[in-house]
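Here are the chains, one letter per residue:
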Protein chains: 2
Amino acid sequence: MDNRPIGLFDSGVGGLTVVKQVIKVMPKEETVYFGDTARVPYGSKTKETVTKFSSQIIRFLKSKDVKAIIIACNTVSSNSYEDLKKEFPDMPIIEVVTPGVESCIAATKNKKVGVIGTLATVGSGSYEKKLKESCEGIEVYSKACPLFVPLAEEGFTNNDIAKLTARTYLKELTDKGIDSIILGCTHYPLLKTCIGEVVGESVKIVDPAKAAALKMKKYLDEHDMSGGGEEGRHYFYVSDLTPTFDMICSKVLKKSYHAEKIDIEKY
Amino acid sequence: MDNRPIGLFDSGVGGLTVVKQVIKVMPKEETVYFGDTARVPYGSKTKETVTKFSSQIIRFLKSKDVKAIIIACNTVSSNSYEDLKKEFPDMPIIEVVTPGVESCIAATKNKKVGVIGTLATVGSGSYEKKLKESCEGIEVYSKACPLFVPLAEEGFTNNDIAKLTARTYLKELTDKGIDSIILGCTHYPLLKTCIGEVVGESVKIVDPAKAAALKMKKYLDEHDMSGGGEEGRHYFYVSDLTPTFDMICSKVLKKSYHAEKIDIEKY
């Protein structure tokens, strides 16, 4: 047994959807979350910068004595995971792309799948590459949906604007006959109902967050590192105190948590 | 006569709409533009951080020997102008809020005006405060429109999504019977046609960019600092080479310009 917390981080607040899944799957684990709200978004930055920012965050999480880390951000997972693993060889790190790919391959029947994400994630080709490596003959249709993050942050998760935007972005994927779609951005589960209505009931929505939480649970169980603490001990840190954190936190976790501001550039 | 260039800067690419107005009003002036594309957006950051970033940019522009500077960003104008003036007392600096306020007061007949901008600009209350100081009895209705910047950057400037979003945001302003509206964000002129259709012909759209360019012209004329160079000498610098610069540059300036990447944190 290991009662130290699990660390999670994201460029901003989207990673809270991963915290939600961790709480659901492992209710007795303590968590420490860091959201880089002063430097969000990462999607428009170079790989070098994203890796540098992520290293600082991992050093911060280590200072909080975390036993393992989930990269709750698709941009970091897609661009910086290998470099971070090399830099922190003793820290168990789980990213979100691989679990998302595994869930998608388990879900698809016709081997036609969609991937949606930010420009940086779709541009990296990480999902497409891993899907094709793991499943021969799979057809992958990717689409960057840059408006989904600002829509979610504005609280427009299923209004007319969200629905029209989802129809505009997703038509070319549904036209291809996909039977499953990966939410390749941790903000997108906030729009799940809206996306589901547009793609239709026959298309399975794959949220890598749940698969990543299950992968972490498996790792901790296998290494005798699971915790047995009290429920509900969750700590949140941000690099800037913006109203978005409170808004998304209440929406995703159905509870208000205090977030503490720290100077991440010191790490 | 002073043939040194005019400097302009913005958190990203929105300030290109101000460059456009400067070229229109002063075709013989050379310009140097800096867009902080690696740290965009400023709207979610604290005043302290925005001022620190802006100081670095002004030091960079000084290294390019500019004779005067336009702050082509409403967030910086609203939050950091006074501090920057103190830090750089010898540099003529023009911000966009005051010229916007003056144009709006000249335009309104019924003294009911709307102000739209980012969360940071509307939250600062800078337009509302200056409008009320300059015009007794004026009624100001402000509305933050966070989706307008991502819509413009996505190229959705007048499609169904842009129209529906504009109707959703602007209804509460038109319901108040405003007769003029200030575009309090340098991205918003990209959506001018769409905004115009929603507010109707009777509402005058005030773009502070034009007023800021005219104010700079007046300053240079009065101080015998106008230039008489060749047309079309315009230089562009960014902190990250993103596709957004090329897209918005072609759209706003109707011409492709090369942007050079520099390390702004060194300044």
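A brief look at the structure comes next.

The rules we used
Each chain has its residues counted from 1, following the order in which its sequence is written. Starting at A for chains and at 1 for ligands, labels are handed out in the order in which the entities are written. Totals for whole chains, interfaces and linings use all residues, but because this is a predicted model, local features are given only for residues with pLDDT of at least 70 and pairs of side-chain atoms are given and counted only at 80 or more. Only heavy atoms go into the side-chain values, all of them from the structure, while hydrogens and water stay out. Among buried residues, those of type Ala, Val, Leu, Ile, Met, Phe, Trp, Tyr and Cys that are joined through side-chain atoms within 4.5 Å constitute a nonpolar core. Relative accessibility thresholds used throughout: buried, under 20% of the residue-type maximum; exposed, over 50%; partly exposed, between the two (1.4 Å probe, protein chains only). Helix numbers and strand numbers start at the N terminus; a helix is a DSSP run of H or I with at least 4 residues, a strand a run of E with at least 2. We call two residues contacting when some pair of their heavy atoms lies within 4.5 Å. The quantity reported as buried area is the accessible area (1.4 Å probe) lost by two parts once they are put together, taken as the sum for both. Salt bridges are identified by distance alone: a Lys or Arg side-chain nitrogen within 4 Å of an Asp or Glu carboxyl oxygen. Any pair of N or O atoms that falls within 3.5 Å is considered a polar contact. Within protein, one atom must be able to donate a hydrogen and the other to accept it, and sequence-neighbouring residues count only if both atoms are side-chain atoms. Under the grouping applied here, Gly and all other residues not named as nonpolar or charged are polar, the nonpolar ones being Ala, Val, Leu, Ile, Met, Phe, Trp, Tyr, Cys and Pro and the charged ones Asp, Glu, Lys and Arg. Two joining distances apply to patches: 9 Å for like charges and 5 Å for nonpolar side chains (Val, Leu, Ile, Met, Phe, Trp, Tyr), and every residue must have over 30% relative accessible area and no salt bridge. Only the protein chains shown count as cover for residues, with accessible areas throughout obtained via the Shrake-Rupley method and a probe of 1.4 Å. All tallies of charge rest on Lys and Arg as positive and Asp and Glu as negative; His and the ends of each chain are not included. Charged groups are reduced to one reference atom each: NZ for lysine, CZ for arginine, CG for aspartic acid, CD for glutamic acid. Any two strands with at least two DSSP-identified bridges between them are counted as paired. To superpose the copies, least squares is applied to the C-alpha atoms of every residue with a pLDDT of at least 70 in both. Comment: axis = line fitted to C-alpha atoms, over the contacting stretch for helices; angle = value between 0 and 180 degrees taken between N-to-C directions.

**Regarding the nonpolar core**
Item 1. In terms of nonpolar packing, the biggest core is built from 50 residues, with A:Ile116, A:Phe148, B:Ile116 and B:Phe148 touching the most fellow members.
Item 2. Listed by contribution, the elements that provide at least two residues to this core are α7 (148-154), α8 (160-174), β7 (180-184) and α9 (192-199) of chain A together with α7 (148-154), α8 (160-174), β7 (180-184) and α9 (192-199) of chain B.

**What to know about the interface of chain B and chain A**
Item 1. With 24 residues of chain B at the contact, the number on the chain A side is 24 residues.
Item 2. Taken over both partners, the interface formed by chain B and chain A buries close to 1800 Å², and the fraction arising from carbon and sulfur atoms is 63%.
Item 3. On inspection of chain B and its partner chain A, the count reaches 0 salt bridges.
Item 4. Across the contact surface, chain B and chain A share 2 residue pairs in polar contact (both at pLDDT 80 or more).
Item 5. Elements with a contribution of two residues or more to the side of chain B that touches chain A: α7 and α8 of chain B.
Item 6. If you tally residues by element for the side of chain B that touches chain A, the top one is α8(B), at 6 residues.
Item 7. Each residue belonging to the side of chain B that touches chain A can be placed in one class, and the counts come to 11 nonpolar, 6 polar and 7 charged.

**Points about the environment of A:Gly7**
All names here are of chain A.
Item 1. By secondary structure assignment, the location of glycine 7 is in strand β1 (residues 6-10).
Item 2. Taking the C-alpha atoms as reference, glycine 7 lies 8.0 Å from phenylalanine 34; in sequence the two are 27 residues apart.
Item 3. When near neighbours in sequence (up to four residues on either side) are disregarded, glycine 7 contacts Val32, Leu61, Val66, Ala68, Ile69 and Ile70.

**Regarding a positive patch on the surface**
Item 1. Together, A:Lys20, A:Lys24, A:Lys109, A:Lys192, A:Lys204, A:Lys210, A:Lys251 and A:Lys254 line one region of the surface with positive charge.
Item 2. Locating A:Lys109 in the fold gives a position in the loop between α4 (97-107) and β5 (112-117).

**What to know about the sheet that holds strand β10 (residues 259-261) of chain B**
Item 1. Judged by pairing direction, the sheet is parallel, and its 6 strands sit side by side in the order β4-β3-β1-β2-β9-β10 (chain B) without closing on themselves. Only two strands of the sheet have a single partner each, and these edge strands are β4 (93-94) and β10 of chain B.

**What to know about the relation of the copies chain B and chain A**
Item 1. Superposing chain B onto chain A requires a rotation of 179 degrees together with a translation of 0.0 Å along the rotation axis, leaving an RMSD of 0.0 Å. Between the two chains, the operation in question is that of a two-fold axis.
Item 2. Take the interface residues of chain B: 100% of them recur as interface residues in chain A, which is what a same-surface contact looks like.

**Comments concerning the side chain of B:Thr98**
All names here are of chain B.
Item 1. The residue threonine 98 is located in helix α4 (residues 97-107) in this model.
Item 2. You can call threonine 98 buried: its relative accessible area is 18%.
Item 3. Ignoring any residue separated from it by four or fewer positions in sequence, one finds threonine 98 in contact with Lys130 and Lys215.

**Examining the sheet that holds β7(B)**
Within a sheet, adjacent strands bond to each other through the backbone by hydrogen bonds, running parallel or antiparallel.
Residues and elements named next belong to chain B.
Item 1. If you walk across this open sheet you meet the 4 strands as β6-β5-β7-β8, and the pairing is parallel. At either margin of the open sheet sits one strand with a lone partner, and together these are β6 (139-144) and β8 (204-206). The mean angle between the axes of side-by-side strands here comes to 20 degrees, regardless of whether they run parallel or antiparallel.
Item 2. As defined by bridge partners, strand β5 (residues 112-117) adjoins β7 across 5 bridges and the pair is classed as parallel. Each bridged residue has a counterpart across the sheet, and for glycine 114 the counterpart in β7 is isoleucine 181.
Item 3. In the packing of α4 onto the sheet, contacts are made with β5, β7 and β8, and the angle to β8 comes to roughly 165 degrees.
Item 4. Those strands touched by helix α6 (residues 126-134) are β5, β6 and β7, and its axis lies near 170 degrees from that of β6.

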